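# Overview (structure and organization)
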Amino acid sequence: EKGGYQHFMAKEIMEQPKAVRDTISPRIQDGKIVLDNITLTAEQIKGFSKIFILACGSAYHVGMVAKYILEKFARIPVEVDVASEFRYRHPIIDDKVLVLVISQSGETADTLAALREAKKLGARTLSIVNVVGSSIANDSDDVIYTWAGPEIAVATTKAYSTQLAVIYLLAIYFADLLGNLSKEDYAYYVSQLQELPDKIAEILSNKEHIQFLASQFFNVKDVFFIGRNLDYAMSLEGSLKLKEISYIHSDAYAAGELKHGTISLVEDGTLVVALATQNKLFDKMMSNVKEVKARGAVVLGLTTEKNTKIEQEADHTLYIPEMCEMMLPSLAVVPLQLFAYYVASMKGCDIDKPRNLAKSVTVE
Ligand code: M6R
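Residues numbered from 1 in each chain as written. Predicted model: local features only at pLDDT ≥ 70, side-chain atom pairs only at ≥ 80, totals over all residues. Heavy atoms only, no water.

Right, let's get into the sheet that holds strand β6 (residues 124-129). What the 5 strands build is an open sheet, ordered β4-β3-β5-β6-β7; its pairing is parallel. For this open sheet the edge positions go to β4 (78-82) and β7 (142-145), each flanked by a neighbour on one side alone. Neighbour-to-neighbour, the strand axes of this sheet turn through a mean angle of 20°, independent of strand direction. Two strands pair when backbone bridges link them, and β6 and β7 are joined in this way by 4 bridges, in the parallel orientation. By the bridge assignment for β7, I128 is matched with I144. In this fold helix α6 (residues 109-120) packs onto β3 (50-55), β5 (97-103) and β6, with an angle of close to 165° to the strand it touches most, β5. (Pairing = 2+ DSSP bridges. Helix = DSSP H or I, 4+ residues; strand = E, 2+ residues; numbered from the N terminus. Axes fitted to C-alpha atoms, helices over the stretch in contact; angles between N-to-C directions. Contact = heavy atoms within 4.5 Å.)

Helix α8 (residues 158-177) packs onto helix α2 (residues 16-24) with a crossing angle of 30° between their chain directions and a minimal axis gap of 9 Å. Between α2 and α8 lies a crossing whose hand is right-handed. Residues Q16, A19, V20, T23 and I24 of α2 form the contact with α8, whose own contacting residues are K158, S161, T162, A165, V166 and L169. In terms of residue class, the contact of α2 with α8 is built from 6 nonpolar, 4 polar and 1 charged. (Left-handed = near helix turned anticlockwise from the far one by under 90°. Nonpolar A, V, L, I, M, F, W, Y, C, P; charged D, E, K, R; others polar.)

Turning next to the pairing of β6. When you tally the buried positions in β6, you get 6 out of 6 residues, the bulk of the element. A two-sided burial pattern is seen for β6, the buried positions comprising R124, L126 and I128 on one face and T125, S127 and V129 on the other. Taken together, the 6 bridges between β5 and β6 define a ladder with parallel strand orientation. Its bridge partner lying in β6, V101 is registered against S127. Handedness of the crossover is the feature at issue here: the chain leaves β5, passes through α6, returns alongside β6, and the resulting connection is right-handed. (Buried < 20%, exposed > 50% of the residue type's maximum accessible area, 1.4 Å probe, protein only. Right-handed = clockwise from strand over helix to strand, strands pointing away.)

What follows deals with the sheet that holds strand β12 (residues 316-320). Spatial ordering of the open sheet is given by β9-β8-β10-β11-β12, a layout of 5 strands whose pairing is parallel. Because the sheet does not close on itself, it has two edges, and the strands there are β9 (249-254) and β12. Ignoring which end each strand starts from, the neighbouring axes of this sheet average 20° apart. Where strand β11 (residues 298-304) and β12 come together, 5 bridges link them in parallel fashion. The residue of β12 that forms the bridge with T304 is I320.

Time to look at helix α12 (residues 282-294). Between its first and last C-alpha, α12 extends 18 Å over 13 residues, near the 18 Å set by a 1.5 Å rise per residue. Of the residues making up α12, those classed as buried are F282, M285, M286, N288, V289, E291 and V292. Just downstream of α12 lies G296, where phi reads positive at about 100°. (Expected span 1.5 Å × (residues − 1).)

Let us look at the confidence of the model for the chain. Averaged over every residue, the pLDDT of the chain is 96; residues scoring 70 or more account for 100%. Under the prediction, the complex receives an ipTM of 0.98, its pTM being 0.97. (pLDDT = per-residue confidence, 0-100.)

The subject of this paragraph is the side chain of Q278. Mapped onto the fold, Q278 is located in the loop between β10 (271-275) and α12. When its relative accessible area of 8% is taken as the criterion, Q278 is described as buried. At 3.0 Å, the side chain of Q278 forms a polar contact with the side chain of T277. Apart from the residues lying within four places of it in its own chain, the contact partners of Q278 are R228, L230, D231, E325 and L328. (Polar contact = N/O pair within 3.5 Å; in protein donor to acceptor, adjacent residues only side chain to side chain.)

What follows concerns unusual backbone geometry. Where the residue is not glycine, phi is negative for most of them; where a peptide bond is considered, it is trans in most cases. Not every positive phi belongs to a glycine, and R75 is a case in point at roughly 55°. The topology assignment puts R75 in the loop between α4 (57-74) and β4. The phi angle at Y247 is positive, at roughly 65°, despite the residue not being glycine. Take Y247: it is sitting in the loop between α11 (230-246) and β9. The class of Y247 is partly exposed, set by a relative accessible area of 27%.

Structure representation (structure tokens):
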């Protein structure tokens, strides 16, 4: 049932091109995004004053990426909160707020309770869920399913990727409805979205290099992931993947925050994974790489194919294919999943069932 792989996690990582394709394709018809099973009207979407994203764990990390994307495309303010915090903090919600709930299982207790609280306060609710007929799906006004198929490994991979794919669908859909996209831009983004599965497959076909890098670093004690903007938001997930299955301490930081405290932890040999996929921020990231190198860090850079000048600073580099910047988190996460997987495997960890963790957290 592991399809010839040693672990479900490996199988699920490799299934991502198909999972993303299955999630996107039924919703693109003749070059148009069609979300026809949702009851949200254009009028309602135009009236939203805010989008509130609620989730836990990796689904929350999708929300962090989604904030950048939805704000840029829909021009609606987005707030992201971990479900267990939202419930206890007197959130400001009314019927002009869209509450977007993200969950693979659809059964996470805190997420479900947050959804119910939001409904009580009058919000319109839309959920992105993988398990058909789950509690969160049932309790939401609308559901968009991720067609990732069953996810068995505790560490999520294909659910994260398909959730992100739904975010792109929504962002382009909302932007179009709100008149924020020219015809050409709309067509461009839709076609980029359709290319996503093949680009993910391209990365997966080069996994040996990532395996080699894992062999260089599987003994490290601490890893810091740094990035800016979308790279920062995505690195939260890269860091979680590594810590949950390899038990290596890791954290993700907005690169600009380093100087405000964290850089004091960098010493000789500390591994810093520097994400620099966003063109406008590339030079700023290079300055951060120089800063950590000056304190002895070993830097693993991650950028797109054209940015070879990263090699002037980084000790090792991971390249991902070029595509429109907002979709790069979907590509950049893949080598980080593989890196975590290989590191955990070299350490002999119980990859599919890491200690202390459950696939679905149904207690608060
Ligand atoms: O089923 P959900 O998406 O609601 O689960 C949320 C988190 O429990 C989940 O993403 C968790 O963080 C995973 N272990 C991450 O790999």
